[in-house]
Structure formats: C-alpha cells, structure tokens
Amino acid sequence: MWQWLVQTLQAHPELAIFLTLAMGYWVGALKLGSFSLGAVTGTLLAGVLVGQLDIEISAQIKSVFFVMFLFAVGFGVGPQFARGIANDGIPQAIFAVVISCLCLLSVYIAAYVSGYGPGLAAGLLAGAQTISASIGLATNAIGKLDLTPDQVQQQLDLIPVAYAVTYLFGTVGTGWIIAFIGPKLLGVDLVKECKRYEAAMSAGNAEGNLHTAWQQYIIRAFRLETPGLIAGKTVAEAEANANGRLFLENLRRDGKIIAFDENTVLQVGDIVAVSGKHEALVEWASRATEVSDAELLNIPIEVVDVYVASSRADGKTLIDLANSSVARGIYVTRIRRGSMGVDIPVLAQTKLNRGDIVSIRGTQKHVDAITEEFGYADRPTDVTSMVLVGLAIAIGGLLGAIVVPVEGVPITLSSSGGALIAGLVVGWVRSFFPKIGTVPSSTLWFMNSVGLNIFIAVVGITAGPTFIAGLKQVGAEIFLWGLFATGVPMLLAPLIGKYIFRFDPAINLGCCGGARTSTASVAMVADVAKSNVPMLGYTVPYAVSNTLLTLWGMVIVLMLGK
C-alpha cells in the first residue's frame, strides 16, 4: 500500500501538491495559546516532508502561481502605496523605506560576516523579515547567476532551510519587540496615549461620541401638533435644530405620503418618519406626538460597503463629510483600510483615504446618493475580470523581463517583479476608475494565499531530499543570525519614528509593524493598547514595505552573487 502511494504521487505530482496544501493549512492553523505557524510555514514543512518521497515537479508550476500571487499583492496595496508616495502619507512612506533598508542591511551584514551564499541569505531575509514573497524573486535571481546548474540547485535548496529556521522568531519576536519593548523604548503608557489620541480625534463629535451616534439607527413616526415648534419650519431647519444627527425620511400630509425635499415647509397635522440616535428622538417625543404608522415607517434600509474612489472624499474627515448634504441620513459603522482590511477608528477627525471600505447604513435613497458621490457599492460578487488580470500580468511580466546590463551584471525586475508592479499600477488606477474590472475579495484571497502556498509547496517538495542535511549544516548558527536580523531593525524602528519622523506615540508602533509587514505584531499592539488607533499608522508603511521587502529577495542575491 505504501509503495503504491509513493509511486502514485511520483507519477502524479499534482496530487502531491494538493496533499501538501491540505497538510500545510491544517498544521498552520494549529494554535499554541495565541500563536500559530501560519499557512506558509505549515505548507513549507509539509512540502519538505512530502519531498522525502523524491517527487519531481516542473518549475513552471510554481512560476505560474507565484506571478499570480505577486499581482494580487500589488493590486491590494496599490491605492495605499500611491497615497504614501503622493500625499500626506509621505513621512510614513519614507519611514517604511528606511526600515526596509535596515532589514536588508541587517541580513547583508549577517550573510557577509558568516560567509553565507545567496541561497542562505535569501532564506534568512524571507524568514527573519517574514516576507515569504521574496523567495520567488530570489529564486529567479539565483537562476541568472554565473553558476553551474548544480551550484544553482545547491543554493536554491538552502533557501527553505534558512527560511524555516528563522521564521519562528521572525514572527513571534517582531510582535514581542513592538508590543512589549516598543512602549518602553518610547517611554510612554500606550493605553493613555491612545485614549489621548482618540479624544483629540473626537473633536466635533456629537455629544463626544460620533461612533455611537452614527451606529444607532432607529426610525419613529410623529404627528406635528404645535405651531411654530417644528411645524412652520423647513425640513432643513427642523433637522438642523435637532440635538444630534436626525433626518426626516418620510412625510404624510392629508392622509397621503408625499415627496419632499429640504426646502419643504412642515405643517401642523403632518406625520413625519424621523431617523436618528435614540436620545435625539426622545427629545422629539417632547415636541411632537409619536404615532403608529406602519406604512410610513415601511422604508427600505440598506447596509452597504462603499469603496471610496472620489477625490471629494479622499483626505476628508468624517465630521466634514457628516456636515455635507450628500451624507444626509447616512450612518457609518465601520472603516477598513489597506489590503489586509484593518479596522481603523470611526471618529470625527478620522480621515478617509481613497481605497477605504466604509460600511454604511441608511435608507436606500440616501445610500444610493452617497455611493454615487463618493465611490461605488462594494457588493458581493463572484465574477472576476480575467481580461484585466490576464492583460495586466502579461504586460507587466513582459516589461519586467527586460534585462539591462550594468557593468556586466544583468539587472532585471524579472517577469515576477513586473507582475508585482503591474498589480500596483492596476490597483491604483482602479481606485479612480473602478469600472475597468472587478476582482472580488474571495479571488484576491485565492491568488494571495493559495498562489503563494502552491509556490511554497513546490519549493518544499523540491528541497525535501536535501533539507535535513542543510539543517544539520547551518541550523543553530543561522537561527542566531535570524535573531540579529529580526531584532536590530525592530529595536531601532520605534526610536527612528520618535526622534527623526516625530510620529505620535499612539501610531508610532503601528508604523513600525506596517514597515515590517507584520499584521500580527500590530494586532498585538492594538491588544496591549486596548485600542485600534495604532492601525492608523499601519497601512501606508505596509504598502510600501510589502513591495520593497519582496524586491529585496532579488537585491540580496545580486549583492552577494557577484
């Protein structure tokens, strides 16, 4: 039975890949306390195990899926990457460049002092900086070095060894340094700093709590009976005089439901359907008589995710938008930002960025109005524009494959790097022109997660036969160098953010986590801070560093492979 299984997997390597994925995702999801290896590391280890069966897999398989993965990475971070380069995220973008260069320098120093070749250095970079995507570009770059085929394969086989040994501390160590040592380096009480920041960001809140005011959404019906109180005022005046955000949604006059606008004058005897927070409606109950009118209150309510694509919303605070006529009757419940969809605080002074996903609720006409003004409804869909995806990857890959000799060294982004840049460009362009094509979040997840892990599975299976020997050769030493390469940039990052970039202490550590593309570490910071304010510093550095650290896979090979 065992012999049959081995022979079948050797004859059908595609089955070995799917077996590796299943094992990898299962192992990666296992938790020890709050820690888990994650799908990538789980898949690599599973691949090494399956690789002991001596299974040959075409290199083209991993190339196809890696290109798909890189496009998805670029597509997801495109809007934030462009914003960081072009707008008020410039300090955070420059900070990300500095930290990314520190990460590269620390790996180079470790590799140079220890005499590592490009294979171990690339694995050290990928593991210590937890940037699995860099392995693909490093693989391409090693293949272009002036080495024999056997030497190339030897270097490639060392990449997963170094990656597996250094990844654990790269993940856990980064989170521990940022979340627990970071506040001590900054000399601050992170909980108090976040509360202070929230208070400053809440300036202009209705009764000091915009989040609560915008989330509660109820509608009641009232008959106007007192002249000069509400009756006799226009709809706009009645809404403006309310204590908090309150809106007239429907109007019955002389027994009939009629159309109205903000200039309609209300009359004694009118029955109005009013939406707003509970406290404001209680106040109305003292100025009008609440009645039961099922037909008047039968108002379609929508809960919609709006993708912000308009310059009219980009960079505007929530309080500014709340005071605009187009936001009439709209209640914001959630804001997600960046390719990782991190939640940011819903506060009066929170600024929206192009590419944000804002969850709103309100009547259908109000939702339609604000959606048309500021972006488009990001409604669930299962249709992917493969014309957009296919063309972008093909054109980006062709441009990336161009080779430019510099002092005899062939410099190229490679087709993989070209796909990454194509994703950045298309993701950015789509934030302005969303109708050029749709790539649902489920498709992005597949391209991101499965695309990368099929690549990692093939790497692990291919390296499996020589993995144990490589681990015995450099395991303990490279683990220590991993501590160095992970720790040095992360210990310096908070201090650089404080003394050079002058970041607010509440978002400094979020910037650090973003600059290391470590979502887990920022989640730990948010947990320690008891606030998601640090997430405000995460997205721009993440977008910039995710691109640079991926490209460093190629750069570290060129630096050491001369």
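Calculation criteria
- Residues numbered from 1 in each chain as written.
- Predicted model: local features only at pLDDT ≥ 70, side-chain atom pairs only at ≥ 80, totals over all residues.
- Heavy atoms only, no water.
- UniProt positions renumbered as here; feature names shortened; annotations may be inferred.
- Helix = DSSP H or I, 4+ residues; strand = E, 2+ residues; numbered from the N terminus.
- Buried < 20%, exposed > 50% of the residue type's maximum accessible area, 1.4 Å probe, protein only.
- Contact = heavy atoms within 4.5 Å.
- Lys, Arg positive; Asp, Glu negative; His and termini not counted.
- Charge placed at Lys NZ, Arg CZ, Asp CG, Glu CD.
- Axes fitted to C-alpha atoms, helices over the stretch in contact; angles between N-to-C directions.
- Parallel < 35°, antiparallel > 145°, perpendicular 65-115°, else oblique.
- Nonpolar A, V, L, I, M, F, W, Y, C, P; charged D, E, K, R; others polar.
- Domains from an automatic or database assignment.
- Salt bridge = Lys/Arg side-chain N within 4 Å of Asp/Glu carboxyl O.
- Pairing = 2+ DSSP bridges.
- Arc of directions from axis to C-beta.
- Core = buried A, V, L, I, M, F, W, Y, C linked by side-chain atoms within 4.5 Å.

Going by what an unreviewed UniProt entry lists, the chain is known as Aspartate-alanine antiporter and is assigned to Comamonas kerstersii. UniProt, in the comment section headed Subcellular location (unreviewed entry), describes the chain in these words: "Cell membrane".

**A word on the overall build of the chain**
Scanning the chain from terminus to terminus reveals 20 helices and 14 strands. Overall, the chain is about 95 × 55 × 50 Å in size when its C-alpha atoms are taken along their principal axes. A buried classification covers 56% of the 562 residues belonging to the chain. Sequence separation of at least 24 residues holds for 81% of the intrachain contacts in the chain that already meet a minimum separation of 6. When the 36 positive and 39 negative side-chain charges of the chain are each reduced to one mean point, those points stand 4 Å apart.

**A closer look at the packing of helix α9 (residues 190-201) against helix α19 (residues 519-529)**
Any two packed helices are characterised by the angle at which their axes cross and by the distance between the axes. Where α9 contacts α19, the two axes come as close as 8 Å, and the packing angle between them is 85°. With respect to their mutual orientation, α9 and α19 come out roughly perpendicular. Of the residues in α19, those in contact with Leu190, Val191 and Cys194 of α9 are Val525, Val528 and Ala529. Of the residues assigned to the contact of α9 with α19, the class counts are 6 nonpolar, no polar and no charged.

**Notes on unusual backbone geometry**
A positive phi is found at Asp54, a non-glycine position, where the angle reads about 60°. Among the secondary structure elements, Asp54 is positioned in the loop between α3 (39-51) and α4 (59-86). For Asp54, a relative accessible area of 51% corresponds to the exposed category. Of note, the phi angle at Asp254 is positive, near 55°, even though the residue is not glycine.

**Considerations on the environment of Ala392**
Locating Ala392 in the fold gives a position in helix α15 (residues 386-400). We classify Ala392 as buried; its relative accessible area is 10%. As a C-alpha pair, Ala392 and Ala162 span 230 residues in sequence and 33 Å in three-dimensional space. Here Ala392 is in contact with Phe71, Ala422 and Val426, once residues within four sequence places are set aside.

**Considering the domain arrangement of the chain**
Domain annotation of the chain identifies domain 1 (1-24 + 37-199 + 390-561), domain 2 (226-287) and domain 3 (302-378). On a C-alpha basis, the centres of domain 1 and domain 2 stand 56 Å from each other.

**Things to note about the pattern of salt bridges**
The tally for this structure, following the rule as stated, stands at 11 salt bridges. The salt bridge partner of Arg196 is Asp504, with a shortest N-O separation of 2.7 Å. Of this pair, Arg196 sits in helix α9 while Asp504 is found in the loop between α17 (441-499) and α18 (505-515), placing the two residues 308 residues apart along the sequence. The class for Arg196 is partly exposed, based on a relative accessible area of 36%. Among the ionic pairs, Asp314 bridges to Arg354, the shortest N-O distance being 3.6 Å. Residue Asp314 is found in the loop between β8 (301-308) and α13 (318-322), and its partner Arg354 is found in the loop between β10 (342-343) and β11 (357-363); the two are separated by 40 residues along the sequence. Since its relative accessible area comes to 17%, Asp314 is described here as buried. Connected via shared salt-bridge partners are Glu193, Arg196 and Asp504.

**Some details on the sheet that holds strand β12 (residues 375-377)**
Taken together, 5 strands build an open sheet; the order of strands is β10-β9-β11-β8-β12 and the sheet is antiparallel. Each edge of the open sheet is held by one strand with a lone partner, namely β10 and β12.

**Quick look at helix α1 (residues 2-11)**
Every buried residue of α1 is listed here: Val6, Thr8 and Leu9. The buried side chains of α1 occupy one side of the element, clustering within an arc of 165° when seen end-on. Turned more than 90 degrees away from the buried face of α1, the exposed residues are Trp4 and Ala11. Looking at the packing, one finds that the buried side of α1 touches α2 (13-29).

**Structural notes on the nonpolar core**
In this structure, Phe95, Ile99, Ile335, Ile360, Ile556 and Val557 are the most contacted members of the largest nonpolar core, which totals 115 residues. Two domains each put at least three residues into this core: domain 1 (1-24 + 37-199 + 390-561) and domain 3 (302-378). If we skip the residues at most four places from it in the chain, Ile335 touches Leu318, Val342, Asp343, Ile344, Pro345, Val346, Thr350, Leu352, Asp356, Ile357 and Val358.

**Looking at the pairing of strand β9 (residues 331-337)**
Burial runs high along β9: 5 of the 7 residues are buried. Relative to β10, β9 is paired through 2 bridges, and the arrangement is antiparallel. When the sheet's bridge partners are listed, Arg337 is paired in β10 with Val342.

**Looking at the sheet that holds strand β6 (residues 271-276)**
Read from one edge to the other, the open sheet built from 5 strands follows the order β5-β4-β6-β3-β7, with strand pairing classed as antiparallel. The sheet is open, and its two borders are formed by β5 (256-257) and β7 (289-291), each paired with just one other strand.

**Quick look at the pairing of strand β3 (residues 218-223)**
Summarising the sheet, β3 and β6 pair through 6 bridges and their orientation is antiparallel. Bridging across to β6, Arg223 finds its partner in Ile271. In this sheet, β7 lies alongside β3 in antiparallel orientation, the contact comprising 3 bridges. Paired with Ala221 across the strands is Val291, a residue of β7.

**Some details on the environment of Ala39**
In this fold, Ala39 is placed in helix α3. With a relative accessible area of 22%, Ala39 lands in the partly exposed category. Measuring from C-alpha to C-alpha, the distance between Ala39 and Ile456 comes to 9.9 Å, with 417 residues separating the pair along the chain. Sequence-distant contacts of Ala39, defined by excluding residues within four places in its chain, comprise Gly24, Tyr25, Gly28 and Asn453.

**Overview of the environment of Ala457**
Structurally, the position occupied by Ala457 is in helix α17. Classification of Ala457 by relative accessible area gives buried; the value is 0%. Considering only alpha carbons, one finds Ala457 and Val40, 417 residues apart in sequence, at a separation of 8.6 Å. Apart from residues lying up to four places away in sequence, Ala457 is in contact with Thr20, Thr43 and Gly47.

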